[in-house]
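Structural description and commentary
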Amino acid sequence: MKPRLTFDFRDILATSAHALSAKQIFVMTLSLVLGLAVYDIGYYLAHLAAGTDIGTVWRIYGLFPGPALGVGDRLAKAIYLLGIFGGVYMTMLGMVAVASINIERIRGNRFFSARESIRFALRKAKPVFLCETAIVAFVALIIFLFLIVGLFGRIPYLGEWLYSLFFVFPLYFIALFTVFIVLIAQVSVILTPAVAAAERKGETFGLILETFSTIIRQPIRWLGYTAYAIVTGKIASFIYGYFAVRSVQAIIWATGHTDGGTMRRLVESALSHLPLRSDVFTQSINIFPGIDWGLNLQAFVRRSDSAESYVMAFMLFLIFASVLGYFLSVIAAAQAYGYVAIRYQKDGYRIDEEPPIGEGALDNSTKPNGNSTTDRNSDSAS
């Protein structure tokens, strides 16, 4: 049964409820864990390239290292930036999977499983990767051209005249356009997954075209949808995190009647291995940044280096990651519903009339209800 869409703000009002499903939180949490693993690899390889003692870095940061943009030389910085890009890319694939679940719900398929969504995200991995790298490559090309222009400044007498004459046109307009592209690159991290989930044909050009078209033609509508999703997602994930903490406390209380406090000591020692003071962790269990109202877990920390405490720390980390996973699931669900509405508003095209991908081929060979709406989608994506 298809949801009744209004193709406006009302469609995203319940996205926090839509995202509160085990399969969506699971695939998003899985992508976050894989993203952290990729980031960690880039982080420690960067320190290795910089000649830093890895053992010392590991003892300080462990599995949850913070920013290190100042690490080493250019090679180390490049490796670190690749680690960041890889971590973000894995997170984007998780958002593709979550968005595909919501797009399928819009198409009438409420039984699109987590496994199917992961397989779908893997099929979209190449075009999403090429879409992001194309945007980054374009910005890099503009920066390279500005570096070439900078050489003209070394020309005696003539260099300053060239700078003065061509500062507004073309230098200023090129820089203005480049800043806009950089903004699109940041926006694409949360928008492109929804576009990839909705586009049955996965050409890179189609993803870039629809991402830019959405921001250029419907910027206010998209900003409103996204702002609402961020606010409601933060509140909903805080509530989810509150129940997660209380659930752990319930396990400690229930087992404490018979285990002599073993579970309590194990959990408290495991907390010492988690980055409780990091901004990401602190803000995840706080209602809003800047508002000191949340859960304080540092009071329960008990220092221990036993092997079992590290295993328990990983289990607690998975619970913590699921809080972030739910927050990003809300964002991805809102982007999916919002993109469906925006696509109708700007193109008059109804994604909800397409057949579920379980019934039709990904290459658009199947037409919904004998009409040509899918063909129109192919034409617009091309």
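Our subject is the structure listed above.
Notes on the overall build of the chain
Within the chain, the regular secondary structure consists of 14 helices and 2 strands. On the principal axes, the C-alpha backbone points of the chain span a range of 75 × 70 × 35 Å. In the chain, which comprises 382 residues, the proportion classed as buried is 45%. Taking as baseline every contact in the chain between residues at least 6 positions apart, the subset at least 24 positions apart corresponds to 80%. As displayed, the chain has an accessible area near 19,900 Å², and 69% of this comes from carbon and sulfur atoms. In the chain, which carries 32 positive and 26 negative side-chain charges, the distance between the mean positions of the two groups comes to 3 Å.

So, empty space enclosed by the protein
For the coordinates displayed, the defined rule picks out 1 cavity of 30 Å³ or more. The calculated volume of the largest cavity comes to roughly 30 Å³. Contributing to the lining of the largest cavity are Leu191, Trp222, Tyr225, Ala334, Gln335, Gly338, Tyr339 and Ile342. Those elements that provide at least two residues to the lining of the largest cavity are helix 10 (219–256) and helix 13 (307–347). No other element matches the 5 residues that helix 13 contributes to the lining of the largest cavity. The class makeup of the residues in the lining of the largest cavity is 6 nonpolar, 2 polar and no charged.

Here's the deal with the packing of helix 2 (residues 22–49) against helix 5 (residues 114–123)
Where helix 2 meets helix 5, the axes come as close as 9 Å, and the angle between the chain directions of the two elements is 40°. Classified by the angle between their axes, helix 2 and helix 5 sit oblique to one another. As for the relative orientation of helix 2 and helix 5, their crossing is right-handed in sense. Contacts between helix 2 and helix 5 involve Lys23, Phe26, Val27 and Leu30 on the former and, on the latter, Ala114, Ser117 and Ile118. In terms of residue class, the contact of helix 2 with helix 5 is built from 5 nonpolar, 1 polar and 1 charged.

Scoring rules and cut-offs
- Residues numbered from 1 in each chain as written.
- Predicted model: local features only at pLDDT ≥ 70, side-chain atom pairs only at ≥ 80, totals over all residues.
- Heavy atoms only, no water.
- Helix = DSSP H or I, 4+ residues; strand = E, 2+ residues; numbered from the N terminus.
- Buried < 20%, exposed > 50% of the residue type's maximum accessible area, 1.4 Å probe, protein only.
- Contact = heavy atoms within 4.5 Å.
- Areas by Shrake-Rupley, 256 points an atom, 1.4 Å probe, with all protein chains shown as cover.
- Lys, Arg positive; Asp, Glu negative; His and termini not counted.
- Charge placed at Lys NZ, Arg CZ, Asp CG, Glu CD.
- 1 Å grid on protein atoms, 1.4 Å probe; cavity = no way out; pocket = protein on both sides within 12 Å on 5 of 7 lines; lining within 4 Å.
- Points joined across faces, edges and corners; volume = space filled by probe spheres on them.
- Nonpolar A, V, L, I, M, F, W, Y, C, P; charged D, E, K, R; others polar.
- Axes fitted to C-alpha atoms, helices over the stretch in contact; angles between N-to-C directions.
- Parallel < 35°, antiparallel > 145°, perpendicular 65-115°, else oblique.
- Left-handed = near helix turned anticlockwise from the far one by under 90°.

Read these as geometric descriptors, not functional statements.
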